[in-house]
Amino acid sequence: MDISSSPPIVGGEEEEEAMLLLETETPTHSNDIVPDSVDYYGRPVHRSNSGRWRSASLIICVEIAERFAYYGINSNLINYLTGPLGQSTAAAAENVNAWSGTASLTPLLGALVADSFLGRYRTIVFASLFYILGLGLLTLSAVFPFFSSSNCQTTDNADACSPPRFQVVLFFFSLYLVAIAQGGHKPCVQAFGADQFDPLDPIECKARSSFFNWWYFGMSGGNIVTVSVLNYVQDNFNWGLGFGIPCVVMCLALVIFWLGTLTYRFSSRCDKISPFVRIGMVFNKTVRNWRATSVATSIEETRMQCHQDSQQLKFLNKALLAPDDHSAEDGQISKINDVEEEKGLLRLVPIWASCLIYAIIFAQAFTLFTKQAVTMDRSITPSFKIPSAALQSFINVSIVIFIPIYEQILVPIARTITGTPSGITKLQRVGTGIFLSVLTMAIAALVEKKRLEIAREYGSADVPNATVPMTIWWLVPQYLLIGISDAFTMVGLQEFFYDQVPREFRSIGLSLYLSIFGVGSFLSSFLIFVIEKTTGGKGRDGWISDNLNKGHLDYFYWLLCGLSALGFMTYLYFTRRYVYAHYYGKVI
């Protein structure tokens, strides 16, 4: 029987109780066969020579390569648009936001394709090929000859300095091809990596929790290399080489992924019906029975009455009612498994929504934090200044330092206290990160208040490009703290959305986690637009002024601090009512 068709074993409101129930009800396997898993050829797989860290390590390497390629574009894209492509700062910023938002939402489409049609392995292969094609075309668009800056300075015709239209079209076509490829690659690689651990085995269950930590550790380490090496190549050598290196890296990543094919574990699916079709059928039957007054109680509905979670989202139980003119066997009644899968997905919506404020906070590290840094003293030596965006590396540095401490010290201590394999529950981990984001914005507001006081004291308020005599290192604490917050929230959300969906929906689960930050990025832009319109205009400097020394960015940070605190309380409200579901148990 397909493990993905089994209903969730729902524990109490604490995950450790559910884990205890899982361990007590899970039968021990006397042989080495991994249940509900097959190899590439559809044969049963043995625990000793498949999956686990050997396969997961290869998949982590593939993700590091993909993140290297993605951030190799994203981290310096605005400089390419305002430089070789000759766009204005405003137009370039709009294009960057549109592309990054699209790249954060395409995983929903990629996950749907993977979970309904191709499977995760084939989706990763096809997405990697599209990635390589996109990067190759991007490199090709960057090696076209540009007019030199001296020619632009000697002509009054702005169009003469613009690159050929075909070159611009090729660049944006390539750029969005990468975004589409990222949509298929990102959710499937992580889900496929976690699939290499058997949740029914106590040792592998703990290893799977560690997998999410080391996954994010490797990804953050790769980002440090991207910021420190690849951006230097792009700025100081040429853009063709800067885009070509990620293309080569993705080619190597595809080869590495292919080499591990015979060691991977694949989910065995016995149900021929797409999981999305089954979910759609539940909705359809619920609507059809919504106003039903004369129904016969089906066997499935009787079983649901004995289910301890039947009181949640009770309206979906109508899908289990049998119309008088149909029998329970003619396909007019949904199965309890399908209804429980539907309920499990809908229970995620409040958690998803309550994390959007955190995504807005996280977006500031790459925008307004950087604008703060521009106005401060960035000198290391009389001839060298730290690039304002370089402080973003402290986020990844704090993650790289903190995750081993969390994994090797904090988790074992917490595990002995709580008895939970992961130390604390997934939602507790996410909540800790959200709480730290409140502290982050409070610290950022206090630092900005101090910066404005120094600017006024030294008469820099009315000078738009003046450097405030305040060292840039004042910003380091807020970067470090948001990095630690990231290590809690990001990893917790990844594991939560992977674990709390049926096996066939895991790619969709991880794409839902990614969509939090895509939507959060758009919400951040909208919030800034509203603040600009309401606090500025008619000769007034708003909170977010072009001259930050005359603005009140500290007020905006306090607003975000308050919204984050409100989001944290909302999150607590929903998590206290959330019931953990486990999809690895006996059929009810």
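These notes cover the structure that comes with them. (Residues numbered from 1 in each chain as written. Predicted model: local features only at pLDDT ≥ 70, side-chain atom pairs only at ≥ 80, totals over all residues. Heavy atoms only, no water.)

1. Describing the overall build of the protein chain
Phase 1: Broken down by element type, the protein chain carries 20 helices and eleven strands.
Phase 2: Look at the contacts in the protein chain between residues 6 or more apart in sequence, and 81% of them connect residues 24 or more apart.
Phase 3: Carbon and sulfur atoms make up 64% of the accessible area of the protein chain, which totals about 25,600 Å². (Helix = DSSP H or I, 4+ residues; strand = E, 2+ residues; numbered from the N terminus. Contact = heavy atoms within 4.5 Å. Areas by Shrake-Rupley, 256 points an atom, 1.4 Å probe, with all protein chains shown as cover.)

2. Here we look at the nonpolar core
Phase 1: The biggest cluster of nonpolar side chains holds 99 residues, and the ones touching the most others in it are Phe-517, Phe-556 and Tyr-557.
Phase 2: What Tyr-557 contacts, discounting residues up to four positions off in sequence, is Leu-368, Phe-369, Gln-372, Met-441, Ala-444, Ala-445 and Glu-448. (Core = buried A, V, L, I, M, F, W, Y, C linked by side-chain atoms within 4.5 Å. Buried < 20%, exposed > 50% of the residue type's maximum accessible area, 1.4 Å probe, protein only.)

3. Examining the environment of Gly-183
Phase 1: In this fold, Gly-183 is placed in helix H7 (residues 165-194).
Phase 2: Residue Gly-183 is classed as buried on the basis of its relative accessible area of 1%.
Phase 3: Note: C-alpha distance between Gly-183 and Leu-514 (331 residues apart in sequence) is 9.8 Å.
Phase 4: What Gly-183 contacts, discounting residues up to four positions off in sequence, is Thr-106, Pro-107, Gly-110 and Ala-111.

4. Regarding H7
Phase 1: Counted at 1.5 Å a residue, the expected span for H7 with its 30 residues is 44 Å, and the 44 Å between its end C-alpha atoms agrees.
Phase 2: A bend of about 25° at Gln-182 is the largest found in H7.
Phase 3: In terms of residue burial, H7 counts as a mostly covered element, since 23 of its 30 residues are buried. (Expected span 1.5 Å × (residues − 1). Bend = angle between axes of the 7 residues up to and from the residue.)

5. Description of unusual backbone geometry
Phase 1: With a phi close to 60°, Arg-52 is a non-glycine residue in the positive phi region.
Phase 2: With respect to the helices, strands and loops of the structure, Arg-52 is situated in helix H2 (residues 52-74).

6. Details of helix H18 (residues 476-499)
Phase 1: With 24 residues, H18 should cover 34 Å at 1.5 Å per step; its first-to-last C-alpha distance of 34 Å lies within 8% of that length.
Phase 2: At Asp-486, H18 shows its maximal kink, close to 25°.
Phase 3: Judged by how many residues are buried, H18 sits mostly within the fold: 21 of 24 residues are covered.

7. A word on the sheet that holds strand E4 (residues 266-267)
Hydrogen bonds between backbone atoms are what pair the strands of a sheet, whose relative direction is either parallel or antiparallel.
Phase 1: The strand order across the open sheet built from three strands is E3-E2-E4, with neighbouring strands paired in antiparallel fashion. This sheet does not close on itself; its edge strands, each paired only once, are strand E3 (44-46) and E4.
Phase 2: One ladder, built from two bridges, connects strand E2 (residues 33-38) with E3; its direction is antiparallel. Directly across from Val-38, in E3, lies its bridge partner Pro-44. (Pairing = 2+ DSSP bridges.)

8. What to know about the pattern of salt bridges
Phase 1: What the rule picks out here adds up to ten salt bridges.
Phase 2: Between Arg-67 and Glu-66 there is a salt bridge, and its shortest N-O distance comes to 2.7 Å.
Phase 3: Judged by relative accessible area, which is 0%, Glu-66 ranks as buried.
Phase 4: One connected set of salt bridges, linked through shared partners, spans Glu-63, Glu-66, Arg-67 and Lys-186. (Salt bridge = Lys/Arg side-chain N within 4 Å of Asp/Glu carboxyl O.)

9. What to know about the packing of aromatic side chains
Phase 1: Tallying each qualifying case throughout the model produces 40 aromatic pairs.
Phase 2: Residues Trp-53 and Phe-197 carry aromatic rings whose centres are separated by 5.2 Å and whose planes lie at 70° to one another, so their mutual orientation is edge-to-face. Here Trp-53 is found in helix H2, whereas its partner Phe-197 is found in the loop between H7 and helix H8 (202-236), with 144 residues between them in sequence.
Phase 3: Under the relative-accessibility criterion, Phe-197 is labelled buried at 3%.
Phase 4: Where Phe-402 meets Phe-488, the ring centres are 5.2 Å apart and the plane angle is 50°; that geometry is what we call tilted. Linking Phe-402 in helix H16 (residues 393-418) with Phe-488 in helix H18, this pair joins segments that are 86 residues apart in sequence. Accessibility assignment for this pair places Phe-402 and Phe-488 in one class, buried.
Phase 5: Three or more aromatic residues joined by ring pairs form one cluster here, namely Tyr-40, Tyr-41, Tyr-121, Phe-192, Phe-257, Tyr-264 and Phe-266. (Phe/Tyr/Trp six-rings, centres within 6.5 Å; stacked < 30°, edge-to-face > 60°.)

10. What to know about the pairing of E2
Phase 1: Here E2 hands over to E3 after five residues, with Gly-42 in that stretch at a positive phi of 85°.
Phase 2: Here two bridges tie E2 to E4, and the two strands are oriented antiparallel to one another. Paired with Val-38 across the bridge in E4 is Phe-266.

11. Considerations on a nonpolar patch on the surface
Phase 1: Where nonpolar side chains cluster on the molecular surface, the patch consists of Leu-112, Phe-117, Leu-118, Phe-126, Leu-129, Phe-130 and Leu-133 and spans about 660 Å² of accessible area.
Phase 2: Mapped onto the nonpolar patch, the elements with two or more residues apiece are helix H4 (89-118) and helix H5 (120-142).
Phase 3: In terms of residue count, H5 provides more of the nonpolar patch than any other element does, four residues in total.
Phase 4: Among the structural elements, Leu-129 can be located in helix H5. (Patch = residues over 30% accessible without salt bridge, like charges linked within 9 Å, V, L, I, M, F, W, Y side chains within 5 Å.)

12. Digging into the packing of H5 against helix H9 (residues 239-259)
Two packed helices can be described by the angle between their axes and the distance between those axes.
Phase 1: At a closest axis distance of 8 Å, the pairing of H5 and H9 adopts a crossing angle of 160°. With respect to H9, the element H5 is oriented roughly antiparallel. By crossing handedness, the relation of H5 to H9 is classed as left-handed. Mapping the contact onto sequence places Tyr-121, Ile-124, Val-125, Ser-128, Leu-129, Tyr-131, Ile-132, Leu-135, Gly-136, Leu-138, Thr-139 and Ala-142 in H5 and Trp-239, Gly-240, Phe-243, Gly-244, Pro-246, Cys-247, Met-250, Cys-251, Leu-254, Phe-257 and Trp-258 in H9. (Axes fitted to C-alpha atoms, helices over the stretch in contact; angles between N-to-C directions. Parallel < 35°, antiparallel > 145°, perpendicular 65-115°, else oblique. Left-handed = near helix turned anticlockwise from the far one by under 90°.)

13. Details of the environment of Ile-544
Phase 1: Turning to its location among the elements, Ile-544 is positioned in the loop between helix H19 (506-535) and helix H20 (553-576).
Phase 2: Along the backbone, Ile-544 and Leu-368 are 176 residues apart, and their C-alpha atoms lie at a distance of 9.0 Å.

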